[in-house]
Amino acid sequence: MSNIRDNDIDKARRQFMTGAVATAGMTIAPGFMLYTAEARPAGTAADPKVRWGLLIDISKCDDCTVCVDACKKENGWQGHRGDLTDAQWIRKVDLKDKNTGVKSSLPVMCMHCEYPPCVDVCPVGASMKRADGIVLVDKHICIGCRYCMMACPYGARSFVHEEVHGQKTHLPRGQGTVESCTMCAHRVDNDQIPACVEACNASGREAMMFGNLRDPNSDISKRIAEISTVKLRADMGLDPHVQYVNF
Amino acid sequence: MTQGRHHFWKTMAAGLLILAGFVLAGAPAVAGDVPVPHPAKAAKGEKCVAPIPEMRRNHMNLLKHQRDDTLRKGIRGNPFSLKGCVDCHAVPDKAAGGARTVRPFCQTCHSYAAVKIDCFSCHTGKADEDKTALKAMDNPHKVTARLQDYLKQRSVVK
């Protein structure tokens, strides 16, 4: 006989399955669930059975920069001078098909690779992949060598060149370390979706989808199963967890 | 402190004078001759996250342990959070124009012991007046229960 807590969880799970209670995920439109994973209780570690991922429909992007602005605001990485040394956790990249002249614009950030080269090259173990697939820099041990920046084919990482002031409480940043998109780990761990996705949805474009790629019943997995998606530089076999549609 | 003792310090190097002056100012009437630092009273909370002697001796290890748990394993909401220290121990700081920061509290001891920490070059030492940042702290009963579990686990308390 399991203890009371487990029983409670079982009961909750059964109710969840049968739809008897409101689900833990967030419904933003009828029939469109952002993610179906049950909230991970505080005090527990990231779950290796989870792979957080993003699916981005670039036909809905245009020259919109809502995701970039939301990321800056959430994580406080806006530069003070706007020059080349400013950090960039997410950026819009414009593409033009030379034959057809068709233009598109897509957000590019850390792809949270299953086989991240930035982790392979880090000499101190600061560049790391969490159990749930989120790739991070442990700034506590980062020595600022920037090997990871050279190894990343997506140019996703930035070096903090200058002293930082006015950091967000939830997002420490400091001079001399490398940083990049954290898939808003601080939010995801609190059962929230990344700031870029939230802002994109709120803008009405709904171009970004966040969810658990390892759960075949998550909306993101279902969508990926029914359409053809593009992984940037798929030829390198890094298995990025950020994927695109309508390229 | 006696005048003579003070005088003795004055004749020492300037750096020592500053340190000694600081310590003496912070320790008006302790028993015995050894001046000890008196960190500012916590702005919040009845109790610290562990018994005071344990905190005084071991806070750096507790912090480091939780640092790795949170960043590398994604474990949130445990008691030895740096955000938590700031939330309770941030007091009005003249150097920050009166804003509530944790600097006066941590620094009182650290300058006494000649410890230099770099934590606040990245982490903000300013109290976050926006309460949502400390969601897990909202429910005191939940936090206390979790705290007990955690301390037992780490056999800090029996």
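Scope of this entry: the structure provided in the associated data block. Just so it is clear, the model here is predicted, and its values are computed rather than measured.

Cut-offs applied
The residue numbering used here restarts from 1 in each chain and proceeds along that chain's sequence as written. Naming scheme: in the order in which they are written, chains are lettered from A and ligands are numbered from 1. In keeping with the predicted nature of the model, local features appear solely for residues at pLDDT of at least 70, side-chain atom pairs appear and are counted solely at 80 or more, and the whole-chain, interface and lining totals rest on all residues. Water and hydrogen atoms play no part in the side-chain values, which are based on all heavy atoms of the structure. Put simply, DSSP H or I for four residues or longer makes a helix, DSSP E for two residues or longer makes a strand, and each gets a number counted from the N terminus. Here the term buried applies to any residue with accessible area under 20% of the maximum for its type, exposed to any over 50%, and partly exposed to those in between, with areas from a 1.4 Å probe on protein chains only. By definition in these notes, contact holds between two residues if any of their heavy atoms fall within 4.5 Å. Each accessible area is a Shrake-Rupley estimate made with a 1.4 Å probe; only the visible protein chains count as cover when residues are assessed. For a helix, the expected span equals 1.5 Å multiplied by the residue count minus one. Bend is computed residue by residue as the angle between axes fitted to the seven residues ending at the residue and the seven residues starting at it. Here a polar contact is recorded for every N or O atom pair within 3.5 Å, except that within protein the pair must consist of a potential hydrogen donor and a potential acceptor, and residues adjacent in sequence are included only if both atoms are side-chain atoms. A fitted line through C-alpha atoms represents every axis, and for helices the fit uses only the stretch in contact; the resulting angles, taken between N-to-C directions, go from 0 to 180 degrees. Working definition: roughly parallel below 35 degrees, roughly antiparallel above 145 degrees, roughly perpendicular at 65 to 115 degrees, and oblique for all remaining angles. Whether a crossing is left-handed or right-handed is set by the direction in which the near helix is turned from the far one by less than a right angle, anticlockwise for left-handed and clockwise for right-handed. Paired strands, in this sense, are two strands between which DSSP finds at least two bridges.

Focus: the overall build of chain B
Step number 1: Scanning chain B from N- to C-terminus turns up seven helices and two strands.
Step number 2: When the helices and strands of chain B are placed in sequence order, the string is α-α-α-α-β-β-α-α-α.
Step number 3: The buried share among the 158 residues of chain B stands at 27%.
Step number 4: When contacts within chain B are restricted to residue pairs at least 6 apart in sequence, those whose partners lie at least 24 apart make up 54%.
Step number 5: Accessible surface, chain B: about 10,300 Å² in total, of which carbon and sulfur atoms supply 61%.

Some thoughts on helix 3 (residues 52-73) of chain B
Residues and elements named next belong to chain B.
Step number 1: In this model helix 3 runs just 28 Å from its N-terminal to its C-terminal C-alpha over 22 residues, more than 12% under the 32 Å that 1.5 Å per residue would give.
Step number 2: Most pronounced at Asn58, the bend in helix 3 amounts to some 80°.
Step number 3: By the burial criterion, the buried members of helix 3 are Glu54, Met55, Leu62, Gln66, Asp69, Thr70 and Leu71.
Step number 4: Note on helix 3: the residue one or two positions beyond its end, Gly74, has a positive phi of about 80°.

With respect to the side chain of A:His186
Step number 1: Mapped onto the fold, A:His186 is located in helix 5 (residues 185-188).
Step number 2: A polar contact of 2.7 Å, which involves the side chain of A:His186, links it to the side chain of A:Glu74.
Step number 3: Apart from the residues within four sequence positions on either side, A:His186 is in contact with A:Glu74, A:Asn75, A:His170, A:Leu171 and B:Arg76.

Points about the packing of helix 2 (residues 66-75) of chain A against helix 6 (residues 195-202) of chain A
All names here are of chain A.
Step number 1: One can describe the packing of helix 2 onto helix 6 by two numbers: an axis separation of 8 Å at closest approach and a directional angle of 135°. On the basis of the axis angle, helix 2 is oblique to helix 6. Relative to helix 6, helix 2 is oriented so that their crossing is right-handed. Only Ala195, Cys196, Ala199 and Cys200 of helix 6 make contact with helix 2, whose side of the interface consists of Val66, Cys67, Ala70 and Glu74.

Overview of the sheet that holds strand 10 (residues 208-212) of chain A
Residues and elements named next belong to chain A.
Step number 1: On the basis of which strands lie adjacent, the open sheet formed by three strands has the order 10-3-11 and mixed pairing. At either end of the open sheet lies a strand with only one pairing partner, and these are strand 10 and strand 11 (242-245). Along the sheet, successive strands turn relative to each other by an average axial angle of 20°, direction set aside.
Step number 2: Sheet topology places strand 3 (residues 52-57) next to strand 11; four bridges connect them, and they run parallel. Along strand 11, the bridge assignment pairs Asp57 with Val245.
Step number 3: Contacts from helix 7 (residues 219-226) reach strand 3, strand 10 and strand 11 within the one sheet, and its direction differs from that of strand 10 by about 110°.

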